[in-house]
Amino acid sequence: MTTGLAAGCHAASAPGPVVTTVAATGALQAGVTLPGTPQPHLLVVVTDVSVAPGPLLADLGRHVQALTAGADDRLLGLPTGDLTVTIGVGPRLVRESDPKLPGATDLAPSSHEAIAPEARGGDLLLQLCASDPLVPPVAAAALLARPGVRERWRQSGSRGPHVPVTGELSAPRNLLGFVDGIVGPRTDADRQRDLWLAGPAPVAGGTIAVVRRMELDLTRFAGLPVAAQEGVFGRRRDTGVPLSGGVIADGPELGAKTPDGRYLVPADAHIRRAHANVVGVGSMLRRSYSMDSPAPGLVFVSFQNDLRTFTATLAHMEGGDALLPFTTTTASGTFLILPGFDEGRPLGSTVFSS
């Protein structure tokens, strides 16, 4: 009976969807803007490093090329699919190279945090994304199997079906039921202004990442009436449209008021408190993923070419963002995402001596 059932299940299985391989090499690292629609599964791993970073990074780059090309036996027979591996280095290593480089500044503690010492900071970031949830942890094991690298913390996450925003742009819902990641630098001009580092030369083509693991108080948020939930975000829960009206891709009209003088987008709404124009900074590109363990929450990953984009936004949120009381950050760090690499320019070679 067992054999027959197993055989029947095997016969009924169908091949999964065909995914396109994402090249690891180029002027920019994959996993930031490529692919355009992020893969549904994420693993971030943060480690300490006790060896010279130059040779380590060059070796990691070679292995990333082999893994993403499906040419590494340590994938254990899994198809590489659309695996991307994005590598960044923490402030300590950047300062050792040149304290004047972008990425040399640590993130300061903030409110709504409960972070153990081993979950703050770190020397090396591996961000692995793929359509197959088995691929990131297997690829990470292959990359981490080397002396001088000690894991601090890791977190996996996933993204649900995407909601169309505009053109080819789409965004997933988060665990609170709202469309997440609508706003960000989308055009090449936006990305040159707000995302990619233009200089100094060693970091050109890189960016600054902020990675945070945030637990969410789903029970308390779910107990709010829908109108109150929408007031927290400043958007309609079902459509993602700003409370000031329009379509999902529209920015909020922050000055719009009701006939009795109340702001349509509340003064403490997340969409207002985190608005780039209100804060006075550039926009950040977010690749956020939902998580269920160790608690329901969000793996927040943002990319920007100035750490102040994140720190000033968070400071403004701490002044009265209605979303923050539903969050507790349990891990956090910032990393210089290194410029792209290829056969002639090993990963990290513009910043660290090999």
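The name given to the chain in an unreviewed UniProt entry is Dye decolorizing peroxidase, with the source organism recorded as Amycolatopsis sulphurea. Checking UniProt for the chain, the heading Sequence similarities (unreviewed entry) contains the comment "Belongs to the DyP-type peroxidase family." Looking at the chain in UniProt, the text filed under Cofactor (unreviewed entry) is "heme b".

The next thing to look at is the environment of Arg 186. With respect to the element layout, Arg 186 can be found in the loop between β6 (169–172) and α5 (188–194). The exposure class of Arg 186 is partly exposed, given its relative accessible area of 28%. In contact with Arg 186, other than residues within four places in its own chain, are Leu 169, Gly 181, Arg 191 and Leu 285.

What follows is about the UniProt feature "domain: Dyp-type peroxidase C-terminal" (unreviewed entry) in the chain. The residues that UniProt annotates with the feature "domain: Dyp-type peroxidase C-terminal" (unreviewed entry) are residues 172–340. Helix makes up 24% of residues 172–340 and strand 21%, whereas the separation of the span's terminal C-alpha atoms amounts to 27 Å.

A word on helix α4 (residues 135–144). In terms of residue burial, α4 counts as a mostly covered element, since eight of its 10 residues are buried. Regarding α4, the residues found buried are Val 135, Pro 136, Val 138, Ala 139, Ala 140, Ala 142, Leu 143 and Leu 144. Buried positions along α4 lie against β1 (41–49), α2 (53–68), β2 (84–89), β3 (124–130) and β4 (149–158).

In terms of backbone geometry, most residues other than glycine have negative phi values and most peptide bonds are trans. A cis amide bond links Leu 34 with the next residue in sequence, Pro 35, at an omega value of -5°. Note on placement: Pro 35 falls in the loop between α1 (2–12) and β1. Residues Ser 293 and Pro 294 are joined by a peptide bond in cis, for which omega reads 10°. Along the chain, Pro 294 falls in the loop between β9 (289–291) and β10 (297–304). Of note in the backbone geometry, His 112 takes a positive phi value of approximately 60° without being a glycine. In this structure, His 112 sits in the loop between α3 (91–97) and β3. In this structure His 112 comes out as partly exposed when scored by relative accessible area, which is 34%.

Turning our attention to the confidence of the model for the chain. Here the chain averages 94 in pLDDT, while 95% of its residues score no lower than 70. Every residue in residues 1–14 scores below 50 in pLDDT, and together they form zero contacts with partners more than four places removed in sequence or on other chains.

The subject of this paragraph is the layout of surface pockets. Size it by volume and the largest pocket reaches roughly 950 Å³. Lining the largest pocket we find 45 residues, and of these Val 183, His 270, Ala 274, Met 284 and Arg 286 sit closest to its centre. Of all the secondary structure elements, the ones that give two or more residues to the lining of the largest pocket are α5, β7 (207–216), α8 (270–273), α9 (276–279), β10, α10 (307–318) and β11 (327–337). Element by element, the count of residues in the lining of the largest pocket is highest for α10, at four residues. Taken as a whole, the second largest pocket holds about 370 Å³ of empty space. Lining the second largest pocket are 21 residues, and of these Gly 36, Thr 37, Pro 38, Leu 169 and Arg 186 sit closest to its centre. Secondary-structure elements contributing two or more residues to the lining of the second largest pocket are β6 and β8 (285–286).

Rules and cut-offs
Residues numbered from 1 in each chain as written. Predicted model: local features only at pLDDT ≥ 70, side-chain atom pairs only at ≥ 80, totals over all residues. Heavy atoms only, no water. UniProt positions renumbered as here; feature names shortened; annotations may be inferred. Helix = DSSP H or I, 4+ residues; strand = E, 2+ residues; numbered from the N terminus. Buried < 20%, exposed > 50% of the residue type's maximum accessible area, 1.4 Å probe, protein only. Contact = heavy atoms within 4.5 Å. pLDDT = per-residue confidence, 0-100. 1 Å grid on protein atoms, 1.4 Å probe; cavity = no way out; pocket = protein on both sides within 12 Å on 5 of 7 lines; lining within 4 Å. Points joined across faces, edges and corners; volume = space filled by probe spheres on them.

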